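# Fold and contact review
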Amino acid sequence: LFGLNQYADYAKSQGRPIIGGDGIDPRWYNDPNLFPALPPFTNGMIAGLQHFVAEGASRLGVVYCLEIAKLCSYANDTIMKSPVGKYVVANEQVSLVAPSYTSQCLRMQAAKVEVLYLLMETAGTERFVQDCATQGYRPKYVALALSATADYPKADILQGTYIPGATVPPSETELPIVAEFLAALAKYSPGVEASGNNSLGWADGLILGLAGAHLSDNPTVAELRDNLWKVKSDTLGGFMAPVTYRKDQPAIPSTCIFLWGVKNHKFYAPQGTKPSC
């Protein structure tokens, strides 16, 4: 099992909700039968904010969605309990369909927030940034990689946004694996552009391809697991943060991120192809 969505189906079949009273079911992180290709999404949130703290920011803000209340609240709580939590001076829970975010923008501005993390989908993020700009408030914005759709860089108002991702930005075509990813999109999904979401799916496929490369003609689950346990600090050609699986033990989650940026209506790599760890 490779992704959070797939695990949701697995958890449901076992009578275990993926989101419990305390957030994500801990089994997602500690079950040795799960092989996540990418680290917990909260790792990326924290590492992304930590990046700006290291650059001198001391006043952070977090805006998180109401519609997926338990998941978004869990993410906010995880940030607050992390080392960057002490720098968060304002939190706001918002609805993705709210007619205006002006009041939240004004409160963030009054709190002198320098870097604002938006745990929202693309359309909500665009409206939030626009409402703040209308008030003359323009902090640095950090967004969730899963919400960075192909429409993200096309929005004028989102230029300058940063995205802490688990994969290398698709702009870095000097890496053969990125060129292969883009070629696969062009061949099998014409018109679909690279995004934070489908790059995560490609990472899943890379892991499965790596583990399946040496399967027998009549593969078994045990054989696949044995191959997965051989994966040690592999980046799959630089496409993703190092991943390591251990026999009968939980995977070792990475704390690395690739910083994506939005400029000139394109995704780009402010730090190049090397992850920040």
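Anyway, here's the lowdown on the structure attached to this text. (Residues numbered from 1 in each chain as written. Predicted model: local features only at pLDDT ≥ 70, side-chain atom pairs only at ≥ 80, totals over all residues. Heavy atoms only, no water.)

### Overview of the environment of proline 242
Operational definition: For helices the rule is a DSSP run of H or I covering at least 4 residues; for strands it is a run of E covering at least 2, with both sets numbered from the N terminus onward. We call two residues contacting when some pair of their heavy atoms lies within 4.5 Å.
Along the polypeptide, proline 242 turns up in the loop between helix 9 (221-228) and strand 8 (244-246). Sequence-wise, proline 242 and proline 275 are 33 residues apart; in three dimensions their C-alpha atoms are separated by 9.5 Å. With residues near it in sequence (within four places) discarded, proline 242 still touches Ser233, Asp234, Thr235, Ser254 and Cys256.

### Considerations on the pairing of strand 6 (residues 140-143)
To keep things clear, this is the line we draw: Two strands qualify as a pair provided that DSSP identifies no fewer than 2 bridges between them. Viewed with both strands pointing away, a crossover whose connecting path from the first strand over the helix to the second turns clockwise is right-handed.
Here four bridges tie strand 5 (residues 115-119) to strand 6, and the two strands are oriented parallel to one another. Each bridged residue has a counterpart across the sheet, and for valine 115 the counterpart in strand 6 is lysine 140. As for the winding sense of the linkage, the β-α-β connection from strand 5 through helix 6 (residues 122-134) to strand 6 is right-handed.

### What to know about unusual backbone geometry
The criterion, for reference: Type-normalised accessible area, obtained with a 1.4 Å probe on protein chains alone, sets the label of each residue: buried when under 20%, exposed when over 50%, and partly exposed for intermediate values.
Phi is positive for lysine 112, which is not a glycine, with a value near 60°. Its location among the elements puts lysine 112 in the loop between helix 5 (102-110) and strand 5. On the accessibility criterion, lysine 112 (60% relative accessible area) is exposed. You will see that aspartate 248, though not glycine, has its phi angle at about 55°, which is positive.

### Notes on the pattern of salt bridges
This is how it is decided: A pairing counts as a salt bridge when a side-chain nitrogen of Lys or Arg comes within 4 Å of a carboxyl oxygen of Asp or Glu.
Under the criterion given, the structure shown has three salt bridges. In this structure, arginine 107 and glutamate 92 form a salt bridge, with 2.6 Å as the shortest nitrogen-oxygen distance. Placement of arginine 107 in helix 5 and of glutamate 92 in strand 4 (residues 88-94) is noted, with a sequence separation of 15 residues between them. The exposure class assigned to arginine 107 is partly exposed, which follows from its relative accessible area of 42%. On the basis of relative accessible area, glutamate 92 is assigned to the buried category, the value being 13%. Its salt-bridge partner being lysine 154, residue glutamate 193 comes within 2.8 Å of it at the nearest N-O pair. Taken together, the residues span a long stretch of sequence, with glutamate 193 in the loop between helix 7 (176-188) and helix 8 (196-212) and lysine 154 in the loop between strand 6 and strand 7 (162-165) at a distance of 39 residues.

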